[in-house]
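# Close look at the chain arrangement
Okay, here's what each chain looks like letter by letter:
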Amino acid sequence: MPDQPSKPSAAGGFLIAAGVLGGAILGFAAGQPTIGVLIGLTVTVAMSVAMWWRERG
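Quick look at the structure, then. Since the structure is predicted, the reported quantities are computational estimates derived from the model, not experimental observations.

## A closer look at the overall build of the chain
Helices and strands together make up the secondary structure of the chain, namely two helices and zero strands. For the chain, buried positions account for 14% of its 57 residues. Accessible surface for the chain amounts to roughly 4700 Å². Of this, 72% is attributable to carbon and sulfur atoms.

## Some words on the environment of I35
Relative to the elements of secondary structure, I35 occurs in helix α2 (residues 33–56). Overall, the relative accessible area of 44% leaves I35 in the partly exposed class. Expressed as a C-alpha distance, the spacing of I35 and A24, which sit eleven residues apart in the sequence, is 8.0 Å.

## Details of α2
The end-to-end C-alpha distance of α2 is 34 Å, a good match for the 34 Å that 24 residues give at a rise of 1.5 Å each. Where α2 is concerned, the buried positions are G36, G40, T44 and S48.

## Quick look at the packing of helix α1 (residues 12–30) against α2
Look at α1 against α2: their axes get within 7 Å of each other, and the N-to-C directions meet at 155°. When the axis of α1 is compared with that of α2, the two are roughly antiparallel. Note that α1 runs across α2; the crossing there is right-handed. On α2, the residues that touch G12, L15, I16, G19, V20, G23, A24, G27 and F28 of α1 are P33, G36, V37, G40, L41, T44, V45, M47, S48 and M51.

## Description of α1
The end-to-end C-alpha distance of α1, which contains 19 residues, comes to 27 Å, matching closely the 27 Å that a straight helix rising 1.5 Å per residue would cover. Restricting attention to buried positions, one finds in α1 the residues G12, G19, G23 and G27. Considered in projection along α1, the buried side chains sweep an arc of 55° and stay on one side of the axis. The exposed residues of α1 that point more than 90 degrees off its buried face are G13, F14, L21, I25, F28 and A29. Those residues of α1 that are buried are in contact with α2. Positive phi appears at G31, one or two residues downstream of α1, with a value of about 90°.

Analysis parameters
Residue indices begin from 1 for each chain and proceed along its sequence in written order. Only residues with pLDDT of at least 70 get local features here, since the model is predicted, and only at 80 or more are side-chain atom pairs given and counted; chain-wide, interface and lining totals rely on the full set of residues. Calculated side-chain values reflect all of the structure's heavy atoms, with hydrogen atoms and water omitted. Numbered from the N terminus, helices here are DSSP runs of H or I no shorter than four residues, and strands are runs of E no shorter than two. Throughout this description, buried means an accessible area under 20% of the type-specific maximum (1.4 Å probe, protein chains only), exposed means over 50%, and partly exposed covers the range between. With residues, only the protein chains shown are counted as cover, and all accessible areas are computed by Shrake-Rupley using a 1.4 Å probe. Expected span, for any helix, means 1.5 Å times one less than how many residues it has. Helix axes use the C-alpha atoms of the stretch in contact, all axes being lines fitted to C-alpha atoms, and the angles between their N-to-C directions lie in the range 0 to 180 degrees. Any angle between 65 and 115 degrees counts as roughly perpendicular, while under 35 counts as roughly parallel, over 145 as roughly antiparallel, and the rest as oblique. Definitions for this section: a left-handed crossing has its near helix turned counterclockwise from the far helix by less than a right angle. A right-handed crossing has that turn clockwise. A contact between two residues is defined here by any heavy atoms of the two lying within 4.5 Å. Each direction from the helix axis to a C-beta atom contributes to the arc, which is the arc of those directions.

Next up, the structure:
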């Protein structure tokens, strides 16, 4: 009996890349681009882990 095809997983990498770029842009506008990148990275990595965790279980 053939295995059921698995459903495609969500693309967390895009979310992380968009968060880093968005954080850099907002940080640059506020005069703190490094802080913006770090905040954007932290928030979007947490969101990607949450997406992964939800799909896993």
